[in-house]
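The chain contents come next:
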Amino acid sequence: MYNWDAAINERVRNEFEAKLKDRMSDQVCRWKGKWREKGDEAKPKCIDPDVWAGLVKFWKDPKSELKSINSRNARYHDPDGLGIHKHRSGHTSYKARARKRVSTYAPLLYLHC
């Protein structure tokens, strides 16, 4: 059993949920791979059948598959020929994030002139 100061409950919950999202994403990916190999026989015992049916429905959806393919291609894209770049910018490219930062902070630059 773990105990911590009640004053940091919110922090503990936020960090737990962040770790859970990271780990659960990996786990669901493994389940999907096993499902592709074995079909419904791959369903883990710990999963509710209705939840499993929902996951399979999602995996079979053409929109979901297209998004998965696009994300995979983006992860393995090698524009400079220097090897695959690992990053944590999600579905948004670094260039798009930079453009957004510039457009967000551009009005502030004029305040100092």
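The notes below deal with the structure included here. Values in this document were obtained by computation on a predicted structure and should not be read as measured data.

**Quick look at a nonpolar patch on the surface**
Consideration 1: A grouping of Tyr 2, Trp 4 and Ile 8 is seen on the molecular surface, where their side chains present a nonpolar patch of about 380 Å² in accessible area.
Consideration 2: Looking at the secondary structure, you find Tyr 2 in the segment before α1 (9-38).
Consideration 3: Classification of Tyr 2 as exposed rests on a relative accessible area of 72%.

**Section: the packing of aromatic side chains**
Consideration 1: The tally for this structure, following the rule as stated, stands at two aromatic pairs.
Consideration 2: Considering the side-chain rings of Trp 35 and Trp 59, the 5.3 Å spacing of their centres and the 40° angle between planes classify their relative orientation as tilted. One end of the pair, Trp 35, is in helix α1; the other, Trp 59, is in helix α2 (residues 49-60), and 24 residues separate them in sequence.
Consideration 3: Trp 35 gets classed as buried once you look at its relative accessible area, which sits at 14%.
Consideration 4: With centroids separated by 5.5 Å and ring planes inclined at 85°, the aromatic side chains of Trp 52 and Trp 59 adopt a geometry described as edge-to-face.
Consideration 5: A relative accessible area of 3% places Trp 52 in the buried class.
Consideration 6: Residue Trp 59 is classed as buried on the basis of its relative accessible area, which comes to 5%.

**Observations regarding the packing of α1 against α2**
Consideration 1: Two elements in contact, α1 and α2, have axes whose closest approach is 11 Å; the angle formed by their N-to-C orientations is 75°. Viewed along their axes, α1 and α2 adopt a mutual orientation that is roughly perpendicular. On α2, the residues touching Val 28, Trp 31, Lys 32 and Trp 35 of α1 are Trp 52, Leu 55, Val 56, Trp 59 and Lys 60.
Consideration 2: When the residues that make up the contact of α1 with α2 are grouped by side-chain class, the tally is seven nonpolar, no polar and two charged.

**A few points about the nonpolar core**
Generally speaking, nonpolar side chains in soluble globular proteins are found buried as a group.
Consideration 1: One finds Trp 31, Trp 35, Ile 47, Trp 52, Leu 55, Val 56 and Trp 59 forming the largest nonpolar core, which totals seven residues.
Consideration 2: When residues of this core are traced back to their parent elements, those giving at least two are α1 and α2.
Consideration 3: The greatest single-element share of this core, amounting to four residues, is contributed by α2.
Consideration 4: Apart from the residues within four sequence positions on either side, Val 56 is in contact with Trp 35 and Asp 40.

**As for the pattern of salt bridges**
Consideration 1: Under the definition given, this model contains four salt bridges.
Consideration 2: In this structure, the salt-bridge partner of Glu 65 is Arg 36, at a minimum N-O distance of 3.1 Å. Of this pair, Glu 65 sits in helix α3 (residues 62-75) while Arg 36 is found in helix α1, placing the two residues 29 residues apart along the sequence.
Consideration 3: The class for Glu 65 is partly exposed, based on a relative accessible area of 25%.
Consideration 4: Each of Lys 32, Arg 36 and Glu 65 takes part in salt bridges that share partners, so that together they form one network.

**Quick notes on α2**
Consideration 1: Over its 12 residues, α2 runs 16 Å from end to end, which matches the ideal 16 Å to within 8%, given 1.5 Å per residue.
Consideration 2: For α2, the complete set of buried residues consists of Trp 52, Leu 55, Val 56 and Trp 59. Each buried residue of α2 sits inside an arc of 100° when the element is viewed along its axis, so together they form one side. Those residues of α2 that are exposed and aimed more than 90 degrees away from the buried face are Asp 50, Lys 57 and Phe 58.
Consideration 3: At its buried positions, α2 is contacted by α1 and α3.
Consideration 4: Near the N-terminus of α2, the side chain that reaches the backbone nitrogen of Asp 50, with its oxygen 2.8 Å away, is that of Asp 48.

The rules behind each value
- Residues numbered from 1 in each chain as written.
- Predicted model: local features only at pLDDT ≥ 70, side-chain atom pairs only at ≥ 80, totals over all residues.
- Heavy atoms only, no water.
- Patch = residues over 30% accessible without salt bridge, like charges linked within 9 Å, V, L, I, M, F, W, Y side chains within 5 Å.
- Areas by Shrake-Rupley, 256 points an atom, 1.4 Å probe, with all protein chains shown as cover.
- Salt bridge = Lys/Arg side-chain N within 4 Å of Asp/Glu carboxyl O.
- Helix = DSSP H or I, 4+ residues; strand = E, 2+ residues; numbered from the N terminus.
- Buried < 20%, exposed > 50% of the residue type's maximum accessible area, 1.4 Å probe, protein only.
- Phe/Tyr/Trp six-rings, centres within 6.5 Å; stacked < 30°, edge-to-face > 60°.
- Axes fitted to C-alpha atoms, helices over the stretch in contact; angles between N-to-C directions.
- Parallel < 35°, antiparallel > 145°, perpendicular 65-115°, else oblique.
- Contact = heavy atoms within 4.5 Å.
- Nonpolar A, V, L, I, M, F, W, Y, C, P; charged D, E, K, R; others polar.
- Core = buried A, V, L, I, M, F, W, Y, C linked by side-chain atoms within 4.5 Å.
- Expected span 1.5 Å × (residues − 1).
- Arc of directions from axis to C-beta.
- Polar contact = N/O pair within 3.5 Å; in protein donor to acceptor, adjacent residues only side chain to side chain.

Any functional reading would require information that these geometric values do not contain.
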